[in-house]
Amino acid sequence: MYKVKVVLKETLRERGMSINELSLKSDVRRAALSELAGGKRENINFEHLAKIAEALNISDINKIITLVKVEESE
């Protein structure tokens, strides 16, 4: 089984950018970015992903989200 993992926090750290800066550049609410980066968001808004990618000048979605294999607990 696979799970979507948000790796936005790592990408921001690599670029020396804060969530506040990304919020200003992407026009995505700071709270939404914070929840996304902290893994507290159940749903991912594709429009937000596109705005984040544009603000970070990236075309590889793996810099924002990725799939990780999780072992089933049964």
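Residues numbered from 1 in each chain as written. Predicted model: local features only at pLDDT ≥ 70, side-chain atom pairs only at ≥ 80, totals over all residues. Heavy atoms only, no water.

> Describe the environment of His48, with residues and values.
Here His48 shows up in helix H4 (residues 46-56). Along the sequence, His48 and Arg29 sit 19 residues apart, while their C-alpha atoms lie 9.4 Å from each other. Each residue touching His48, except ones within four places of it in the same chain, is listed here: Val28, Ala32 and Arg41. (Helix = DSSP H or I, 4+ residues; strand = E, 2+ residues; numbered from the N terminus. Contact = heavy atoms within 4.5 Å.)

> Residues and numbers for the layout of surface pockets, please.
Empty space among the atoms becomes apparent when a probe as large as a water molecule is rolled across them. Considering only enclosed or pocket space, the largest pocket measures out at about 250 Å³ in volume. In terms of lining, the largest pocket is formed by Lys3, Val4, Lys5, Val6, Ala37, Gly38, Gly39, Arg41, Glu42, Asn43 and Ile44. Ranked by the residues each element gives to the lining of the largest pocket, the list is headed by strand S1 (residues 2-6), at 4 residues. Taken together, the residues that form the lining of the largest pocket break down as 4 nonpolar, 3 polar and 4 charged. (1 Å grid on protein atoms, 1.4 Å probe; cavity = no way out; pocket = protein on both sides within 12 Å on 5 of 7 lines; lining within 4 Å. Points joined across faces, edges and corners; volume = space filled by probe spheres on them. Nonpolar A, V, L, I, M, F, W, Y, C, P; charged D, E, K, R; others polar.)

> Let's hear about helix H3 (residues 30-37): which residues, and what values?
Buried within H3 we find Ala32, Leu33, Leu36 and Ala37. Looking straight down H3, one finds that the buried residues subtend no more than 125° of arc, so they occupy a single side. On its buried face, H3 sits against S1, helix H1 (8-15), helix H2 (19-26) and H4. Of the residues trailing H3, Gly39 is marked for its positive phi of about 75°. (Buried < 20%, exposed > 50% of the residue type's maximum accessible area, 1.4 Å probe, protein only. Arc of directions from axis to C-beta.)

> Please give an account of the pattern of salt bridges that cites residues and values.
A full pass over the atoms with the stated rule returns 2 salt bridges. A salt bridge links Glu35 to Arg41, with the shortest nitrogen-to-oxygen separation between them at 3.5 Å. By relative accessible area, which is 30% here, Arg41 ends up partly exposed. A salt bridge links Lys51 to Glu47, with the shortest nitrogen-to-oxygen separation between them at 3.6 Å. Pair noted here: Lys51 and Glu47 are both in helix H4, with a separation of 4 residues, about one helical turn. A relative accessible area of 25% means that Lys51 is categorised as partly exposed. Overall, the relative accessible area of 52% leaves Glu47 in the exposed class. (Salt bridge = Lys/Arg side-chain N within 4 Å of Asp/Glu carboxyl O.)

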